[in-house]
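Single-letter residue listing:
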Amino acid sequence: MVYKKFKDKELSALGFGAMRLPVIDGKDGQIDEAAVQTMVDYAFSSGINYYDTAWGYHEGNSELAMGRALKKYPRNQFYLATKFPGYDLSNMPKVKEIFEKQLEKCQVDYFDFYLVHNVCELNIDYYLNEEKYGIYSYLMEQKKNGRIRHLGFSAHGSYDVMKRFLDAYGNGMEFCQIQLNWIDYHFQDAEAKIELLKEYGLPVWVMEPLRGGKLADLPAEYAAKLRELRPTEEIPAWSFRFLQTIPEVTMILSGMSDYEQTKKNIETFQTEAPLSGKEWDTLLAIGDEMTRGIALPCTACRYCTTHCPMELDIPKLLSLYNEHAFTNGGFIAPMALGAIPADKRPSACIGCRSCEAVCPQQIKISEAMADFTERLK
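This section reports on the structure supplied with the text. Given the structure is predicted, the values throughout are model-derived calculations rather than measurements. (Residues numbered from 1 in each chain as written. Predicted model: local features only at pLDDT ≥ 70, side-chain atom pairs only at ≥ 80, totals over all residues. Heavy atoms only, no water.)

1. Some thoughts on the overall build of the protein chain
Then, in step 1: Summing up its helical and strand segments, the protein chain has 15 helices and 12 strands in all.
Then, in step 2: Its C-alpha atoms give the protein chain principal-axis dimensions of about 65 × 55 × 45 Å.
Then, in step 3: Every one of the 377 residues in the protein chain was classed for burial, and the buried ones make up 54%.
Then, in step 4: Contacts in the protein chain between residues far apart in sequence, at least 24 positions, make up 76% of those at least 6 positions apart.
Then, in step 5: If you average the places of the 42 positive and of the 52 negative side-chain charges in the protein chain, the two averages end up 2 Å apart. (Helix = DSSP H or I, 4+ residues; strand = E, 2+ residues; numbered from the N terminus. Buried < 20%, exposed > 50% of the residue type's maximum accessible area, 1.4 Å probe, protein only. Contact = heavy atoms within 4.5 Å. Lys, Arg positive; Asp, Glu negative; His and termini not counted. Charge placed at Lys NZ, Arg CZ, Asp CG, Glu CD.)

2. A word on the pattern of salt bridges
Side-chain pairs of opposite charge can arise whenever the charged atoms involved come near each other.
Then, in step 1: Enumeration over the complete set of coordinates arrives at 27 salt bridges.
Then, in step 2: Between K83 and D52 there is a salt bridge, with the nearest N and O atoms lying 2.9 Å from each other. Of the two residues, K83 is situated in strand β7 (residues 79–84) and D52 in strand β6 (residues 50–52); the sequence distance between them amounts to 31 residues. Pair check on accessibility: K83 and D52 agree, each one buried.
Then, in step 3: One salt bridge connects E195 with K198, and the closest N-O pair in it is separated by 3.6 Å. Here K198 and E195 lie together in helix α8 (residues 190–199), a separation of 3 residues that amounts to about one turn.
Then, in step 4: A single salt-bridge network, built from bridges that share partners, covers R230, E233, R241 and E279. (Salt bridge = Lys/Arg side-chain N within 4 Å of Asp/Glu carboxyl O.)

3. Let's talk about the pairing of β7
Then, in step 1: Burial analysis of β7 places 6 of its 6 residues in the buried class, the great majority of the element.
Then, in step 2: Of the pairings in the sheet, the one linking β6 to β7 comprises 3 bridges and is parallel in character. Each residue of the ladder has a partner; that of Y50, found in β7, is Y79.
Then, in step 3: Each parallel crossover has a hand, and for β6 linked through helix α2 (residues 62–70) to β7 it is right-handed.
Then, in step 4: In this structure, β7 lies alongside strand β8 (residues 111–119), joined through 4 bridges in parallel fashion. Its bridge partner being in β8, K83 is matched across the sheet by L115.
Then, in step 5: For the handedness criterion, the β-α-β arrangement of β7, helix α3 (residues 95–106) and β8 is classed as right-handed. (Pairing = 2+ DSSP bridges. Right-handed = clockwise from strand over helix to strand, strands pointing away.)

4. Thoughts on the sheet that holds strand β12 (residues 249–255)
Then, in step 1: Read around the closed barrel, 8 strands run β3-β6-β7-β8-β9-β10-β11-β12, paired in parallel fashion. Across the sheet, the mean angle separating the axes of adjacent strands is 30 degrees when strand polarity is ignored.
Then, in step 2: Packed on one face of the sheet, helix α5 (residues 135–144) meets β7, β8 and β9 (148–155) and runs near 150 degrees to β9. (Axes fitted to C-alpha atoms, helices over the stretch in contact; angles between N-to-C directions.)

5. Quick notes on helix α12 (residues 277–292)
Then, in step 1: Between its first and last C-alpha, α12 extends 22 Å over 16 residues, near the 22 Å set by a 1.5 Å rise per residue.
Then, in step 2: Inspection of α12 places E279, W280, T282, L283, L284, I286, G287, M290 and T291 among the buried residues, and these make up the whole buried set.
Then, in step 3: Those residues of α12 that are buried are in contact with α7 (184–187), α9 (220–229), α10 (235–244) and α13 (314–327). (Expected span 1.5 Å × (residues − 1).)

6. Brief notes about the nonpolar core
Then, in step 1: Counting 90 residues, the largest nonpolar core has F16, Y51, F153, L180, W182 and F242 as the members making the most contacts within it.
Then, in step 2: Once you skip the residues sitting within four places of it in the chain, W182 turns out to touch L215, L218, S239, F242, L283, L284, I286, G287 and M290.
Then, in step 3: Counting 20 residues, the second-largest nonpolar core is a separate cluster that includes L337, I340, A368 and M369. (Core = buried A, V, L, I, M, F, W, Y, C linked by side-chain atoms within 4.5 Å.)

7. Some thoughts on the packing of aromatic side chains
By convention here, two paired aromatic rings are described through the distance between centres and the angle between planes.
Then, in step 1: If you walk through the whole model with that rule in mind, you get 28 aromatic pairs.
Then, in step 2: Ring geometry for F6 against F175: centres 6.4 Å apart, planes inclined by 85 degrees, an arrangement best described as edge-to-face. Of the two residues, F6 sits in strand β1 (residues 3–6) while F175 sits in the loop between α6 (159–169) and β10 (176–179), which places them 169 residues apart along the sequence.
Then, in step 3: Judged by its relative accessible area of 4%, F6 is buried.
Then, in step 4: Measuring from centroid to centroid gives 5.8 Å for F99 and F111, while their planes differ by 75 degrees, and the two rings are edge-to-face. Note that F99 is positioned in helix α3 and F111 in strand β8, a separation of 12 residues in sequence. (Phe/Tyr/Trp six-rings, centres within 6.5 Å; stacked < 30°, edge-to-face > 60°.)

8. Looking at a negative patch on the surface
Then, in step 1: Taken together, the side chains of E234, D258, E260 and E267 make up a negatively charged region of the molecular surface.
Then, in step 2: With respect to the helices and strands, the residue D258 is situated in the loop between β12 and α11 (259–268). (Patch = residues over 30% accessible without salt bridge, like charges linked within 9 Å, V, L, I, M, F, W, Y side chains within 5 Å. Areas by Shrake-Rupley, 256 points an atom, 1.4 Å probe, with all protein chains shown as cover.)

9. Focus on the environment of K278
Then, in step 1: Along the chain, the position of K278 falls in helix α12.
Then, in step 2: Along the backbone, K278 and L229 are 49 residues apart, and their C-alpha atoms lie at a distance of 8.8 Å.

10. Section: the packing of α2 against α3
Then, in step 1: For the pair α2 and α3, the least separation of the axes is 7 Å and the interaxial angle reads 45 degrees. Relative to α3, α2 is oriented oblique. Contacts between α2 and α3 involve E63, L64 and G67 from the first element and Q102, K105 and C106 from the second.
Then, in step 2: Taken together, the residues that form the contact of α2 with α3 break down as 2 nonpolar, 2 polar and 2 charged. (Parallel < 35°, antiparallel > 145°, perpendicular 65-115°, else oblique. Nonpolar A, V, L, I, M, F, W, Y, C, P; charged D, E, K, R; others polar.)

11. A word on the side chain of Q177
Then, in step 1: With respect to the element layout, Q177 can be found in strand β10.
Then, in step 2: Not counting residues up to four positions away in its chain, the partners in contact with Q177 are D52, K83, L115, F153, S154, A155, W205, V206, M207 and L253.

12. Considering the pairing of strand β11 (residues 204–207)
Then, in step 1: Alternating positions in β11 separate into two faces, V204 and V206 on one and W205 and M207 on the other, with burial throughout.
Then, in step 2: Bridge count for β10 against β11 is 4 bridges, and the pairing is parallel. The residue bridging C176 from the neighbouring strand is V204, located in β11.
Then, in step 3: With 3 bridges connecting them, β11 and β12 associate as parallel partners. Opposite W205, over in β12, you have M251 as the bridge partner.

Structure representation (structure tokens):
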């Protein structure tokens, strides 16, 4: 197992993610705990020492399952991470209540790693409102008391949202978890987010290294290009090798879905095999080509916004449209749109095409807004 240094700790470079555990009869809330125990036992014996869960995973049952699976092991031989569930705004006044319940559910006295969860457009103002909610100050108090050993945050929001959070709380953060893979390096501007975290001296934790499995099986033409470069490397492993090439990456989380996937992931992390310059360029070129076929080529020149009678932030809406179209749904775009007033959402477009008359990329913006509105129904 490859290990990475974090302060005084040696962390397995591969973390056991508990968001996509095996379930019974396809019901997300009914975790197959016998299967989970087998997977955790194998992971532990293979050197994985970092386990990541969260309040909302598997309808609230992931923390329970992981607490039971890890209970048999000495507490000082594994690192457990969970998160404050700020993706649900109704949780904002409940930080103390939720934190105490998480300790109980996980059957531990402290968390090695604790994250302010899912900082995004929808909740940034709530997280920053210390006077009303006091989330940051409460978590810092728990850190002082030893019940949180290391405090960080995860973010699905934009660069600007992350910057606001870091400007307020960067001094108290020790790591940041972002969606990072060879598609999102350009597509979600993850490259710029890495640079932002470097400015604050924060190591990168990675979620969605395979983009929910989307990068585990590629079209034949792309797979052939990669096999020319590394004939024996399996396609899913390319995503991990890509991340091993980025020096700022300390922890790579993979949502373990079954025993075989767990075994294969662990096999990959027996070695560290970063990409060569040619391999890196080839993989990113494939990623750009895959998104180009779906994503609209907006450059955010903002000519359109000066001609929109509804004063829509068209570049931002097109960016969210691209994400939603490429993912074929998902939560990121609806979550971000939830923070935008109703009269500034895609449905507010009146189809006047004034924006299209000045668009250098000749994007059919009105059609995109109509399609986006339909996809969100």
